[in-house]
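The chain contents come next:
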Amino acid sequence: MTRLPLLSATEAPPTARSWYRADGSASALTRSLASAPDLLETLMPFLGQVMGESSVDLATKELVIVRVSQLNGCSYCIAAHGPLALEAGVSPGALRAVCDDAPLDELPERERALVTWVDGITLEPAAVDDEVLAQVLQWVREDQLIELTLLAGAIGMLNRYCTAFDIPPPR
Amino acid sequence: MRDEIRASVAEGRMGDRLWLYATYHCNLTCVYCLTESSPRIANRRTLDSDAMVRATAEAKELGFTCVGITGGETFMLPDFPETLRRVGEILPVVALTNATLFTDRLLARLEPLFELDVAFQISLDSDEPARNDELRGPENFAKVVDAIPRLLERGLRVRLATTVADQEPEELERVCVLHRRLGIPDEDHVVRSVVRRGRAATAQMGIELGPTDVLPELTLTADGAFLHPFAPTVRSGRTDIDLLVSRQIAPLEMPARRFLSVVRDQPLGDDVVRSIR
């Protein structure tokens with residue numbers, strides 16, 4: 001049982017309603033955030049930028065999202081982004097690996113370097129050493145790593161929010 | 001953006017009155033209360049005096065021309081007379097009250113308001129004590145008709161508000177006879193319907209509000225800023241936020257900016273009949 005009201009479009013503040021779909025539906029995450037419409041106004045464009053298509057391809061971003069969510073044990077985000085990861089082109093094998101359903105060493109070298117970086121910054125950022133950084137920078141540019149690191153941080157924030165408030169995962 | 005807010009107030013897109021919900025606490029439990037206010041309310045959600053004064057000062061800067069302070073019962077706040085003076089020194093103000101707490105001591109504290117543009121809007125729903133008290137609480141009628149002359153004799157302006165539940169026109173006309181006898185002119189008598197929100201919705205009373213029925217007037221509460229004073233209603237202990245424009249109330253420019261984003265594209269209207277002014 002969620003710990004926050006999940007507002008319908010008619011219950012939501014007027015400024016929050018633009019984040020609902022035309023038929024009035026919205027994700028449980030959006031419906032919960034609608035109680036804080038000022039924040040929503042800033043957060044949603046930010047999430048759209050950091051999670052959406054950019055100079056980093058969507059498959060890479062979804063891989064990062066699912067991995068961070070797996071590390072943080074967020075059932076909402078894994079349920080929401082597992083299908084999106086496959087849709088974006090993440091292979092079923094890579095998805096299993098980042099969800100710890102298969103060994104990580106089955107990942108291609110690029111994805112392994114990314115996952116090593118993501119694991120480090122999510123679990124113990126102070127311990128991430130130069131070697132890990134150098135390895136990942138062999139595969140992505142510095143600006144792309146900035147983006148992916150902020151993405152991992154943003155997902156960590158959402159993982160904590162969804163887990164603490166028990167936001168119901170999509171079916 | 002400040003100029004746009006000023007222009008919107010000037011053209012009437014944004015009402016020129018800023019409303020402040022001083023508290024949700026009340027000594028009465030009116031059957032149609034929008035905010036489920038009562039003596040036993042769990043969370044009083046009070047705007048403190050400094051917050052109201054600050055909002056008023058900022059409102060003046062943004063082009064608002066007057067302030068309304070409502071609740072709950074405003075005089076449940078121990079420092080309300082002083083707050084009223086501080087607000088009234090900045091902008092004209094109307095304070096909504098049930099007028100049941102006006103002891104001699106409290107009235108003496110109101111005397112400094114004589115020199116300011118401060119009015120008291122008092123609720124009275126019938127000329128028949130039993131009818132009125134059925135809606136508003138025991139002895140309410142007697143206390144109101146006692147308080148009004150005492151306020152007027154101190155040179156304080158009094159307005160009367162009648163909330164219509166099922167009163168017939170004849171009964172409302174008798175209320176007019178009464179207010180004239182008490183010394184309140186017709187232009188200071190407000191008649192408005194019960195709105196089907198809050199406790200009135202639970203009791204299936206009143207009228208549903210359409211999106212253009214009420215003049216949009218920026219309304220600040222401890223829960224945030226709302227589209228008009230009928231908006232921050234409470235049902236089953238939870239504040240309705242379907243007409244919330246911002247959780248942020250200070251500085252005032254922030255909720256005013258978000259308010260504007262909601263009303264910017266609405267047609268200008270003049271139907272303010274249902275406003276609680």
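Structure: above.
Going along each chain's sequence as written, the residues are numbered from 1 onward. Ligands are numbered from 1 and chains lettered from A, in the order in which they are written. For this predicted model, a pLDDT threshold of at least 70 governs which residues receive local features, and a threshold of 80 or more governs which side-chain atom pairs are given and counted, while totals over whole chains, interfaces and linings are taken from all residues.

(A) Structural context of the overall build of chain A. Helix and strand labels come from DSSP, where a helix needs a run of H or I of at least four residues and a strand needs a run of E of at least two; each type is numbered from the N terminus. Helix and strand counts for chain A stand at eight helices and zero strands. Buried means a residue has 20 or more other C-beta atoms within 10 Å of its own C-beta, exposed means 12 or fewer, and partly exposed covers the counts in between; C-beta atoms are placed from the backbone. Looking at chain A as a whole, 32% of its 171 residues qualify as buried. The contact criterion used here is simple: two residues whose C-beta atoms, placed from the backbone, lie within 7 Å are in contact. Contacts in chain A between residues at least 24 apart in sequence constitute 60% of all its contacts with a sequence separation of at least 6.

(B) Focus on the overall build of chain B. In terms of helices and strands, chain B carries nine helices and eleven strands. Here the radius of gyration uses the C-alpha set of atoms, whereas the globule reference equals 2.2 Å times the residue count to the power 0.38. Taking 277 residues into account, the globule formula puts the C-alpha radius of gyration at 19 Å, and chain B, at 18 Å, falls close to it. With respect to the principal axes defined by its C-alpha atoms, chain B has extents near 50 × 40 × 35 Å. Residues classed as buried in chain B amount to 46% of the 277 residues present. Here the analysis covers contacts within chain B between residues at least 6 apart in sequence; of these, 73% occur between residues at least 24 apart.

(C) Quick peek at helix H1 (residues 2-11) of chain B. Residues and elements named next belong to chain B. Listed in full, the buried residues belonging to H1 are Ile5, Ser8 and Val9. Down the axis of H1, the buried set is contained in an arc of 100 degrees. They therefore lie on one face. Exposed side chains of H1 directed beyond 90 degrees from the buried face belong to Asp3, Ala10 and Glu11. Check the buried side of H1 and you find it contacts helix H9 (253-263). Working definition: the arc comes from the directions between the helix axis and the C-beta atoms, pointing outward to the latter.

(D) Broad picture of the sheet that holds strand E8 (residues 224-226) of chain B. Residues and elements named next belong to chain B. Across the sheet, nine strands lie side by side as E6-E5-E4-E3-E2-E1-E7-E8-E11; this open sheet has mixed pairing. Both edges of this open sheet fall to strand E6 (189-193) and strand E11 (244-246), since each of them pairs with a single strand only. Pairs of neighbouring strands in the sheet enclose a mean axial angle of 25 degrees, with direction left out of account. Of the strand pairs in this sheet, strand E5 (residues 157-164) and E6 are connected by five bridges, and their pairing is parallel. Counterpart to Val164 in the pairing with E6 is Ser193. A pair of strands counts as paired when DSSP detects no fewer than two bridges linking them. Between N-to-C directions, angles cover 0 to 180 degrees, with each direction set by a line fitted to C-alpha atoms, over the stretch in contact for helices.

(E) Up close: the environment of B:Asn43. All names here are of chain B. You can see Asn43 is positioned in the loop between strand E1 (17-23) and helix H2 (49-61). You can call Asn43 exposed: it has 12 C-beta atoms within 10 Å. Linking Asn43 and Thr23, residues 20 residues apart in sequence, is a C-alpha distance of 9.5 Å.

(F) View of the pairing of strand E4 (residues 118-123) of chain B. Residues and elements named next belong to chain B. Summarising burial for E4: six of the six residues are buried, a large majority. Burial along E4 is two-sided: Val118, Phe120 and Ile122 and Ala119, Gln121 and Ser123, pointing in opposite directions, are all buried. With five bridges connecting them, strand E3 (residues 93-97) and E4 associate as parallel partners. Within E4, the position partnered with Leu96 by the bridge is Gln121. Taking the sense of rotation as the criterion, the β-α-β connection linking E3, helix H4 (residues 104-110) and E4 turns out right-handed. The handedness rule is simple: strands pointing away from the viewer, and a clockwise path from the first strand over the helix to the second, make the crossover right-handed.

(G) Geometry of H9(B). Residues of H9(B) that are buried: B:Pro255, B:Ala256, B:Arg258, B:Phe259, B:Leu260 and B:Val263. For H9(B), the elements touching its buried residues are helix H2 (37-51) of chain A together with H1, E8 and E11 of chain B.

(H) Main features of the pairing of E5(B). Residue and element names in this part refer to chain B. The sheet contact formed by E4 and E5 spans five bridges and is parallel. If you follow Ile122 over to E5, its bridge partner there is Leu160. In this region the chain leaves E5, passes through helix H7 (residues 169-182) and returns to the parallel neighbour E6; the handedness of that crossover is right-handed.

(I) Main features of the packing of helix H3 (residues 58-72) of chain A against helix H6 (residues 109-123) of chain A. Residues and elements named next belong to chain A. Relative orientation of the contacting elements H3 and H6 amounts to 40 degrees, with a least axis distance of 10 Å. Viewed along their axes, H3 and H6 adopt a mutual orientation that is oblique. Between H3 and H6 lies a crossing whose hand is right-handed. Two secondary-structure elements touch here, H3 through Thr60, Leu63, Val64, Arg67, Val68 and Leu71 and H6 through Glu111, Leu114, Val115, Val118, Asp119, Thr122 and Leu123. Residue classes follow a fixed rule: Ala, Val, Leu, Ile, Met, Phe, Trp, Tyr, Cys and Pro count as nonpolar, while Asp, Glu, Lys and Arg count as charged, and any other residue, Gly among them, counts as polar. For the contact of H3 with H6, the residue count by class is eight nonpolar, two polar and three charged. Note that the term roughly parallel is reserved for angles under 35 degrees, roughly antiparallel for angles over 145, roughly perpendicular for angles of 65 to 115, and oblique for everything else. Each helix crossing is assigned a hand: it is left-handed if the near helix lies turned anticlockwise from the far helix by less than a right angle, otherwise right-handed if that turn is clockwise.

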